[in-house]
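Single-letter residue listing:
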Amino acid sequence: MERSRLIRAMEDILGNEGVIHEHEQLRTYECDGLMNYRVIPDLVVLPETGEHVQRIVRLCYDEGIPFVARGSGTGLSGGALPVKSGVLIVLSRMRKILEVDIPNQRIVVEPGVINIWVSQEVADEGYYYAPDPASQIVSSIGGNLAENSGGVHCLKYGFTTNHVMGAEVVLPDGSVTHLGAGRVPDAPGYDLLGAFVGSEGTLGIATKITLRLVRTPESVRTLLAGFEDTEGAGGAVSGIIGEGIVPAAIEMMDRLTMEAVEAAVHPGLPDAGAVLIIELDGPGAEVEEQFGRVLEICEENEATDIRIAEDDEERALFWKARKAAFGAMGRISNDYYVQDGVIPRTELSAVLGRISELAEEYELRVANVFHAGDGNLHPLVLYNNATEGEAERAEKLAGEIVFACLEHGGSLTGEHGIGEDKKKYMPKMFTDDDMNVMQLLRCAFDPHQISNPGKIFPTPRLCGERPGPFQMHPLQKAGIVEQF
Amino acid sequence: MQTQKGLTEDLRGIVGSDSVREATAEDAVEGVEPAFVVEPGSVEEISDVMKLAAHENLAVSPRGGGTKTHIGDPPRQLDLIVSTARMNEIMEHTPGDQIFRAEAGVKLEDLQEQISGSDQMLALDPPESGATLGGIIAANSSGPRRYKYGTVRDLIIGITVVLHDGTVAKAGSKVVKNVAGYDLSKLFTGSLGTLGIIATANFRLHPRPETARTVAVEAAGPQQAQAAAQAIVHSQVEATAVELHYGEEEKLLTVLLESIPGGIDAKTEAAHFLLKQFGEVRTLSDEEVDHLGPLTPPEVTDEIVLKIGAPPADLAAVLESVVDAAERKGLAHPRITGHAGTGVTFVGLSSEDEDAAAGFVEEMREIRTRKGGNVTLQRAPLTLKQRVSTWDNEGDYLGLVRRVKEKFDPRGGMNPGRFLGGL
């Protein structure tokens, strides 16, 4: 289809203001939160309803045009990177909270709704939405769903996938289906919702999402403890977990991170080699006793400085320090790359040791921030783009770090996704058969591979069922895929 | 297709002669008898068996402990049972990481026993005893603790599967947090052997609670039962389970509370306070807990068991509709239990009047289709299943379910006919 005809067809669906086709305006959408990859889409469309999404996708399907869905564009793996000659479907105009059902602890929202709005909507009822990625004040529920976002409180409460109970989905052929039973437990059939959440936009677009709401806890206690080094902080983490305590959150930052955070938001962090922020929540008596035990464990591990949040304001300050960590890097480095790897908690000391070896070898600084409770590391590789070759060196170092995670029994990504950025590493974690079997699922949902093509898998496979006379698939022609 | 004898030889060649036998009547799956039972001892052996099965176009039914073969419609065809009885090794348990990796044939009880030394548990408590991890995943079994810990989908972190043609694939990992690749662990959860054979699985573990109490309230009727359940669910008491026993005589809502020694009294008091407005409240004695406690496996004496999934806040309407329909159909008062906090209700019937039972099932389905929910048969005589399928509420996702099945099992050799939509 000619571009001008496509624009007209989209304008028929969305009106003029719902279609962006001027080059300069399109550039706004050339990347998501990961700025090393940039592709200018052919067209950006801004649907306002599920029906709009359905008609857009149907048109793409009929014309064989690839599309990419985008929420707030905060993703850190290039999952919402546009595809060349493709349509970018931006869901940020679909921002209605459709239904609040407190008796069944559910809320139904459109995909563009911002994560924090959900908790704000039900706060007066004594409820909140548990998954809280650091980006929660800007990231959308649709994007959270696509990436299976984590957050600082997922050790106790689980990830996005544990909180999405149902979704209305526009499949890549433009048909609409409902996955998961929403308010009802155990929908019969395969857990297609479980497979859909975290599929990074490659299986379709969620247009209505049912989330589980969690009752706010009776009591919350938060402390911040400084340690001489990450070893000591790691010892405290092991001690707490070994005791059978499940904190709502345990976060660690190393000295370099603290330096940056201090410069950015001045939370008054202790002068220490590492700091832990530990939060416990639940029924009052239980929390009190366990909090006392956590304090003891910190002391046993030679915490140098322990601060207990006296009120919600101080608690918020601790969390502000943690959530500001990525952004604060700008204070100590021109550029930085956020890595997202996972290790078994017990390998922490070994992997941190390896990271500092690698940093030395590559002559770059690495700041470490991580969700210590679940072993999710965010090493931040600092570099200067203006220095010849440094960006490449930083990327290589970030790769080496995630390989170290794999060697210690971990994963390529805990919450940021594979997207565009890490697909080249997938063969380090999975065999060809593993990836081919995963792609059977892709073929069931999206046989023509038009939904966010080229992401997750290094070698996309075609599904071998294009009806009608044989013609080379556009992706095959472009050398992006090979025939299954 | 080769002769029976030739096939036996080939199977023996793969798994050894002690691990192949001809099937007996006891191996029948919902009335359909297979030819062989084979017990591979490794992932590679399962793969080789499946390659042979694909070559010979055999219909295969995977089997773990055989405790749930009553779930699902009768298979259209069945030649070979692949039992995971010899796949019973716990490959890794790292207490500090709160995870384990195990072969699918490991029995849940054995696992819990093995890891209890580190004061950890897999937070799954399905009622059937002797169930294997593979079977629990395939049937998506759950128990009372699902209220706090969720179901298989919330606890499984990795899986190895063998497809109909012997392809071996894994997904997930052994770390709790991981978003690399598609989540096939969830896809296979509840797939009832129709997508492939689950060979190994990795799960996250939880600390074993130190103390427990069960608080019960006598509920006069459906409204009180629902109000009591809602009071707990919307409180900050963080109960572990909210269960219902709703008989003709005794109607009890029981709440399992677990905590550390210093926290259990306060939790118990809070639960008493919340429940006392709905009826007489008491903390169950140890003896009572043994037969009324949420974690006591229900005695299955009923020939027909329905599982009704409904919004938890519709509990009263579910109970009313069940009792009312049973009465109108001339059925005895059904035995009703359920996970009241999560919207699961089990209805047990022991009627010989199959017309009445079929009418009852259809009426429940009709109501739930209207009001939201689903009704599946957990257990029923074959003659009843022929009239009303195991499955209900196929929804608009059935087409997608079918396409997934066709991709994973294009020859239709995996447990054909047992799943919803005749898959």
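Residues numbered from 1 in each chain as written. Chains lettered and ligands numbered in written order. Predicted model: local features only at pLDDT ≥ 70, side-chain atom pairs only at ≥ 80, totals over all residues. Heavy atoms only, no water.

Undergrad: What exactly am I supposed to notice about the overall build of chain A here?
TA: For chain A, the count of helices and strands is 17 helices and 19 strands. At 23 Å, chain A has a C-alpha radius of gyration in line with the 23 Å of a compact globule built from 484 residues. Judged by the C-alpha coordinates and their principal axes, chain A covers about 70 × 60 × 40 Å. Of the contacts made within chain A by residues no fewer than 6 positions apart, 68% connect residues no fewer than 24 positions apart. Carbon and sulfur atoms form 46% of the exposed surface of chain A, whose accessible area is close to 17500 Å². (Helix = DSSP H or I, 4+ residues; strand = E, 2+ residues; numbered from the N terminus. Rg over C-alpha atoms; globule rule 2.2 N^0.38 Å. Contact = heavy atoms within 4.5 Å. Areas by Shrake-Rupley, 256 points an atom, 1.4 Å probe, with all protein chains shown as cover.)

Undergrad: I would appreciate a short explanation of the overall build of chain B in the present structure.
TA: Looking only at helices and strands, chain B features 14 helices and 19 strands. C-alpha extents for chain B along the principal axes are approximately 70 × 55 × 40 Å. The buried share of chain B, taken over its 423 residues, is 61%. Within chain B, counting contacts between residues at least 6 apart in sequence, those at least 24 apart form 71% of the total. Surface accessibility of chain B: about 15300 Å² in total, with carbon and sulfur atoms responsible for 46%. Seen as two clouds, the 42 positive and the 62 negative side-chain charges of chain B have centres 6 Å apart. (Buried < 20%, exposed > 50% of the residue type's maximum accessible area, 1.4 Å probe, protein only. Lys, Arg positive; Asp, Glu negative; His and termini not counted. Charge placed at Lys NZ, Arg CZ, Asp CG, Glu CD.)

Undergrad: What is the right way to read the nonpolar core from this model?
TA: Note that soluble globular proteins tend to have their nonpolar side chains buried in a common cluster. Phe445(A), Leu187(B), Phe203(B), Val404(B) and Phe408(B) are the most contacted members of the largest nonpolar core, which has 91 residues in total. For this core, the leading source of residues is helix α16 (residues 432-445) of chain A, giving seven residues. By size, the runner-up hydrophobic cluster in this structure holds 48 residues, among which are Ala229(B), Ile264(B), Ile336(B) and Ile367(B). (Core = buried A, V, L, I, M, F, W, Y, C linked by side-chain atoms within 4.5 Å.)

Undergrad: How should I be thinking about the state of the cysteines in this particular structure?
TA: What we call a disulfide is simply a covalent bond connecting the sulfur atoms of a pair of cysteines. Residue and element names in this part refer to chain A. A full pass over the atoms with the stated rule returns one disulfide over all chains. The partner cysteine of Cys443 in its disulfide is Cys463, sulfur to sulfur 2.0 Å. Taking the sign of the torsion about the S-S bond as the criterion, the disulfide between Cys443 and Cys463, at about -80°, is left-handed. Linking Cys443 in helix α16 with Cys463 in the loop between α16 and α17 (474-477), this pair joins segments that are 20 residues apart in sequence. Here the two residues Cys443 and Cys463 agree in accessibility, since each one is buried. (Disulfide = S-S within 2.5 Å.)

Undergrad: What am I meant to see in the side chain of Thr254(B) here?
TA: Mapped onto the elements, Thr254(B) comes out in strand β14 (residues 251-259). Beyond its immediate stretch of four places on either side in the chain, Thr254(B) contacts Thr214(B), Val215(B), Ala216(B), Ala241(B), Val242(B), Glu243(B), His245(B), Leu284(B), Leu292(B) and Pro294(B).

Undergrad: I'm lost on the pairing of strand β17 (residues 335-339) of chain B in this one. Help?
TA: Taken residue by residue, a regular strand's side chains alternate between the two faces of the sheet. Residue and element names in this part refer to chain B. By the criterion of burial, β17 is predominantly enclosed, with four of the five residues buried. Alignment of strand β13 (residues 241-246) against β17, held across four bridges, turns out to be antiparallel. Directly across from Glu243, in β17, lies its bridge partner His339. Summarising the sheet, β17 and strand β18 (residues 344-349) pair through five bridges and their orientation is antiparallel. When the sheet's bridge partners are listed, Gly338 is paired in β18 with Thr345. (Pairing = 2+ DSSP bridges.)

Undergrad: I would appreciate a short explanation of helix α1 (residues 3-14) of chain A in the present structure.
TA: One full turn of an α-helix is made of 3.6 residues, so residues set three or four places apart face in the same direction. Residues and elements named next belong to chain A. In this model, α1 (twelve residues) spans 16 Å end to end at C-alpha, consistent with the 16 Å of a helix rising 1.5 Å per residue. Residues of α1 that are buried include every one of Leu6, Ile7, Ala9, Met10, Glu11, Ile13 and Leu14, and no others. The elements touched by buried residues of α1 are β1 (19-20), β2 (43-45), α3 (50-63) and β4 (87-90). Positive phi appears at Gly15, one or two residues downstream of α1, with a value of about 80°. (Expected span 1.5 Å × (residues − 1).)

Undergrad: So what exactly am I meant to see when it comes to the environment of Leu133(B) here?
TA: All names here are of chain B. Its location among the elements puts Leu133 in helix α4 (residues 133-139). Put simply, Leu133 and Ser351 are 218 residues apart on the chain and 33 Å apart in space, counted from C-alpha to C-alpha. Each residue touching Leu133, except ones within four places of it in the same chain, is listed here: Phe100, Ala102, Glu103, Ala104, Val106, Leu108, Leu122 and Phe203.

Undergrad: Can you help me understand the sheet that holds strand β9 (residues 168-172) of chain B in this one?
TA: Whenever strands of a sheet pair, they do so through backbone hydrogen bonds, lying parallel or antiparallel. Residues and elements named next belong to chain B. Taking strand neighbours across the sheet as the criterion, the five strands line up as β5-β6-β10-β8-β9 in an open arrangement whose pairing is antiparallel. The sheet terminates laterally at β5 (90-94) and β9, the two strands that pair on one side only. Averaged over neighbouring strand pairs, the angle between their axes works out to 10° when direction is ignored. Bridge count for strand β8 (residues 156-162) against strand β10 (residues 197-204) is six bridges, and the pairing is antiparallel. Directly across from Ile156, in β10, lies its bridge partner Phe203. (Axes fitted to C-alpha atoms, helices over the stretch in contact; angles between N-to-C directions.)

Undergrad: Please clarify how unusual backbone geometry should be interpreted in this entry.
TA: Trans peptide bonds make up most of the peptide bonds, and negative phi angles are found at most residues other than glycine. Residues and elements named next belong to chain A. The backbone of Glu302 shows a phi angle near 60°, a positive value even though the residue is not glycine. Mapped onto the secondary structure, Glu302 falls in the loop between α10 (284-300) and β15 (305-308). Given the relative accessible area of 61%, Glu302 is considered exposed.

Undergrad: So what exactly am I meant to see when it comes to helix α11 (residues 312-323) of chain A here?
TA: Residues and elements named next belong to chain A. In a regular helix each residue adds 1.5 Å, so twelve residues correspond to 16 Å; α11 covers 16 Å between its end C-alpha atoms and thus fits that length. Listing the buried residues of α11 in full gives Arg315, Phe318, Trp319, Ala321 and Arg322. Seen from one end, α11 has its buried residues packed into an arc of 150°, which puts them on one side. (Arc of directions from axis to C-beta.)

Undergrad: Honestly, the interface of chain B and chain A in this entry has me stumped. Any pointers?
TA: In many analyses, interface size is given as the accessible surface area lost on bringing the parts together. Taken together, the 77 residues of chain B in the interface contact 88 residues of chain A. Regarding the contact of chain B and chain A, the summed buried area is about 6500 Å², with carbon and sulfur atoms giving 57% of it. If you sort the residues of chain B by the area they bury against chain A, Lys177(B), Val179(B) and Tyr182(B) come out on top, with a joint share of 15%. Remark: the boundary between chain B and chain A carries eight salt bridges. Summed over the shared surface of chain B and chain A, the result is 33 residue pairs in polar contact (both at pLDDT 80 or more). Examining the composition of the side of chain B that touches chain A, we find that seven residues originate from one element, helix α14 (residues 398-408) of chain B, more than from any other. Counted by class, the side of chain B that touches chain A contains 30 nonpolar, 27 polar and 20 charged residues. (Buried area = accessible area lost by both parts, 1.4 Å probe. Salt bridge = Lys/Arg side-chain N within 4 Å of Asp/Glu carboxyl O. Polar contact = N/O pair within 3.5 Å; in protein donor to acceptor, adjacent residues only side chain to side chain. Nonpolar A, V, L, I, M, F, W, Y, C, P; charged D, E, K, R; others polar.)

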